[in-house]
Amino acid sequence: MLDIKVLGPGCANCIKLENLVKEVVEENNIPANIEKITDPMKFADYGIMITPGLVVNGKVLSSGKLPTKSTLEHWLKENL
């Protein structure tokens, strides 16, 4: 099971990333625990200074940008 964390204060791109992650997980039947982190103090724990941030299994995969759906799908399948 993937441990996915979406980091962001609630900006438009943060919400888009969270929805995109949920969409990809559902469409591909990927077992995952998705957590939304909105506390800026926690962003620094992952070394993320620009949101949105995406952390999968403790590894930062994206910071400050929205991955395409196909890129996100590839990343999640790669980390299964």
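Above: the structure in question.
Residues numbered from 1 in each chain as written. Predicted model: local features only at pLDDT ≥ 70, side-chain atom pairs only at ≥ 80, totals over all residues. Heavy atoms only, no water.

### Regarding the overall build of the chain
Here comes step 1: Looking only at helices and strands, one finds 3 helices and 4 strands in the chain.
Here comes step 2: Shown N-terminal to C-terminal, the secondary structure of the chain runs as helices and strands in the order β-α-β-α-β-β-α.
Here comes step 3: Counting only C-alpha atoms and orienting by the principal axes, one finds that the chain spans roughly 30 × 25 × 15 Å.
Here comes step 4: Every one of the 80 residues in the chain was classed for burial, and the buried ones make up 36%. (Helix = DSSP H or I, 4+ residues; strand = E, 2+ residues; numbered from the N terminus. Buried < 20%, exposed > 50% of the residue type's maximum accessible area, 1.4 Å probe, protein only.)

### A short note on the side chain of K5
Here comes step 1: Looking at the element boundaries, K5 is found in strand β1 (residues 2-7).
Here comes step 2: On the basis of relative accessibility, which here comes to 11%, the residue K5 falls in the buried class.
Here comes step 3: Of note is the side chain of K5, whose polar atom sits 3.0 Å from the side chain of D3. (Polar contact = N/O pair within 3.5 Å; in protein donor to acceptor, adjacent residues only side chain to side chain.)

### Here we look at the packing of helix α1 (residues 12-27) against helix α3 (residues 69-78)
Here comes step 1: Relative orientation of the contacting elements α1 and α3 amounts to 60°, with a least axis distance of 10 Å. Judged by the inter-axis angle, α1 sits oblique to α3. Our pair here, α1 against α3, has a crossing hand that is right-handed. Residues L20, V21, E23, V24, V25 and E27 of α1 lie in contact with α3, whose contacting residues are K69, L72, E73 and L76.
Here comes step 2: Of the residues assigned to the contact of α1 with α3, the class counts are 6 nonpolar, no polar and 4 charged. (Axes fitted to C-alpha atoms, helices over the stretch in contact; angles between N-to-C directions. Parallel < 35°, antiparallel > 145°, perpendicular 65-115°, else oblique. Left-handed = near helix turned anticlockwise from the far one by under 90°. Contact = heavy atoms within 4.5 Å. Nonpolar A, V, L, I, M, F, W, Y, C, P; charged D, E, K, R; others polar.)

### Thoughts on unusual backbone geometry
Here comes step 1: The linkage connecting T51 with the following residue, P52, adopts the cis geometry, with an omega of 5°.
Here comes step 2: Its place among the elements puts P52 in the loop between α2 (40-45) and β3 (53-56).
Here comes step 3: At N29, a position not held by glycine, the phi torsion is positive, near 50°.
Here comes step 4: With respect to the element layout, N29 can be found in the loop between α1 and β2 (32-37).
Here comes step 5: One non-glycine residue, N57, adopts positive backbone phi at about 50°.
Here comes step 6: When you line up the elements, N57 lands in the loop between β3 and β4 (59-63).
Here comes step 7: Residue classification places N57 among the partly exposed positions, given a relative accessible area of 39%.

All quantities given are derived from atomic positions and should not be read as evidence of function.
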